[in-house]
Amino acid sequence: MKIFVSLFCLLFLFSVEAYCGQQLDELIAQAEKGSSEAQVKLGHAYFEGKGISRDYKKAIFWYQKAADQGDAKGQRALGARYEFGYGVEKDSVKAAYWYKKAADQGLARAQTNLGILYETGVGVEKDYAQAVKWYQKAADQEYARGITHLGMMYERGLGVEKDLNEAFLLYKKAAKWGYTKGQLYLGMMYENGLVTMEPDLDAAAYWYQKAADQGYRRGRQAYYRLKNERRKEESIARPEVKDAVLDKFDKALLKPDKKEREEISIEDIGPVEPLPDKKGDPDVSGQIQIRYLKEAQAGDHIAQNYLGFMYLKGDGVEQDLEKAMSWFEKAAEQGNPDAQNNLGLMHTGIDGVKRDLEKAVYWYEKAAGQGQLTAQNNLAIMYLRGMGVEKDPEKAVWWYEQAARKGHVHAQANLAIMYTSGQGIERDLEKAAYWYKKAGENGQVVAQNVLGIMYSKGRGVEQDLEKAVFWFTKAAEQGDPDAQNNLGFMFFVVLEENRDSLKAAYWYQRAAEQGLLTAQNSLATMFENGHGVTKDLKKAAYWYEKAAGQGDETARRNFELIQQEIGDQGSAKTTEKN
């Protein structure tokens, strides 16, 4: 048995710093004698459950001991526990205090953590210059996470002059060292051609896959999105289109509710960190399930939330909504904000779960009060629609703003919609444009499309057709049919001096293939009249028929007329031949 235990300890030590038997006794003895290094290690052991039962309170006790002695690693660890509320009541001010203590001693990890607090305004007054200062200090020590965050500041021009080349170099350095977020952001720069002038999709896919291979969820999402978009483009003849009026773009501004697509979504829930990538390896999947189950049964709220998420999604286990609900409840009752948000979502009635909107609001409020951004956005939606609570657009605006200011992309887009429509707040298109831009820069497709509309019309911003094309393109490349149609319209009608019929036809067809009625009619008109394309009545009839099938009466009449013309041409040819 002793041989087995020793072998187990040896194997464990290759993966994480765990302590077994005599090692643990020696560590405790050293910690009790006042060794700050041992105190930090013992705190980690209790926090992670490495060779000992997990105990957050004991972890905090030893971190505090080390921190009080001036140990930088103990100070950083203590700051992290205060930031996220593990073992202590969540306290962002204390988190900033301890991060600063450790950062002043040159600990790169603490410097990065402190920079994030200054960037987001959590626990300290928001100060981009201070954020840059601390990111730079961490980057000077070759700390990949600090390098990546410094790159983000240069890319966005926050606290420093905007410099895409510098951002690119920083992302590249972090990416080569294997940091997943750096790999993701480097891929995004390649995909959007921000430095390379032209998009380099091969390089983007390479870096997205690097991040995905390490189990980074955002990396996987970016990789598969790009992979799906890179299908072979069909060749399209050069078209032109009949005159149209730009005023039809106003519809998106006058009817913002039509653009409010950000429902309470399953994609917004889940653990703070991505689940490990278990696909294709049932043995690994089973091991992970057993690990989470043991920790969850022992009362660990993080593991309980993970397990609930796995049962909800059927990720590595057979989907079981009752078990998902049960584990979320256990974690939520311990104050886990992610679980509280997840529980709120389930009570909205997803996937056949019995709807209880009052309970949904209850749990969203619990999570939102702890600063959980998705819960704040979801709670705003509940107030806006009067779901489980009295309808109150002003409260909706307040909650959207809480989440938007901390960078929640859907909340930013939804807050912009509120400013556009004047719901719960005075209508202000300049502020709407500000928040649409924030969301658009974070990849939110609806915001990108509406920004294109605003720049095309000069609504809330100075009219700028190049920027309109830029934002329409961003959304269109993500597959948004409205943006694809709008982009086709820009290239075909609005940009008279720089008309590009080929691009117009390409984007109209992309939108038409997704069933957009307007695009189907526009494409049919091109083929009917042969403006810039080879006249092709059969193709025109095809697209008119598609539009007619959606109930468009004009398209139906045009289809019948073209069918008649095709028939007449056929008769004429037959007569001539005879």
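### Comments concerning the nonpolar core
One finds Phe 328, Met 346, Tyr 400, Tyr 436 and Met 454 to be the most contacted residues of the largest nonpolar core, which totals 102 residues. Examining the composition of this core, we find that eight residues originate from one element, helix 26 (residues 481-494), more than from any other. Judged by nonpolar contacts, the second largest core, of 67 residues, contains Ala 72, Ala 96, Ala 205 and Tyr 208.

### Considerations on the pattern of salt bridges
Where charged atoms from two side chains of opposite charge come close, those side chains can pair. Enumeration according to the criterion identifies six salt bridges in this entry. Salt-bridge contacts for Arg 405 lead to Glu 401; the nearest nitrogen and oxygen are separated by 2.5 Å. A residue pair is termed a helical-turn pair when its members lie 3 or 4 positions apart in one helix, as Arg 405 and Glu 401 do in helix 21 (residues 393-405) at four residues. Here Arg 405 falls in the partly exposed class, since its relative accessible area comes to 49%. One salt bridge in this structure joins Glu 553 and Arg 556, with 2.2 Å as the shortest N-O distance. Note that Glu 553 and Arg 556 are positioned in helix 30 (residues 553-577) at a spacing of three residues, about one turn of the helix. On the accessibility criterion, Glu 553 (38% relative accessible area) is partly exposed. Three or more residues are tied together by salt bridges with common partners; here these are Glu 553, Arg 556 and Glu 560.

### Structural notes on the packing of aromatic side chains
Per the stated rule, a full pass over the model turns up 16 aromatic pairs. Between Phe 470 and Trp 471, the ring centres sit 5.0 Å apart and the planes meet at 85°, which makes this aromatic pair edge-to-face. When its relative accessible area of 39% is taken as the criterion, Phe 470 is described as partly exposed. Between Phe 492 and Tyr 508, the aromatic rings sit 6.3 Å apart at their centres with planes inclined by 75°, giving edge-to-face as the arrangement. Here the residue Phe 492 occupies a position in helix 26, and Tyr 508 occupies one in helix 27 (residues 501-513), the gap between them amounting to 16 residues. Comparing Phe 492 with Tyr 508 shows no difference in burial state: the two are buried. Taken together, the ring pairs connect Phe 47, Tyr 56, Phe 84 and Tyr 86 into an aromatic cluster. It is Lys 137 that lies over the ring of Trp 134; its NZ or CZ is 5.8 Å from the centre. Note that Lys 330 overlies the ring of Trp 327, its terminal NZ or CZ placed 5.9 Å from the centroid.

Rules and cut-offs
- Residues numbered from 1 in each chain as written.
- Predicted model: local features only at pLDDT ≥ 70, side-chain atom pairs only at ≥ 80, totals over all residues.
- Heavy atoms only, no water.
- Core = buried A, V, L, I, M, F, W, Y, C linked by side-chain atoms within 4.5 Å.
- Buried < 20%, exposed > 50% of the residue type's maximum accessible area, 1.4 Å probe, protein only.
- Helix = DSSP H or I, 4+ residues; strand = E, 2+ residues; numbered from the N terminus.
- Salt bridge = Lys/Arg side-chain N within 4 Å of Asp/Glu carboxyl O.
- Phe/Tyr/Trp six-rings, centres within 6.5 Å; stacked < 30°, edge-to-face > 60°.
- Lys NZ or Arg CZ within 6 Å of the ring centre and 35° of its normal.

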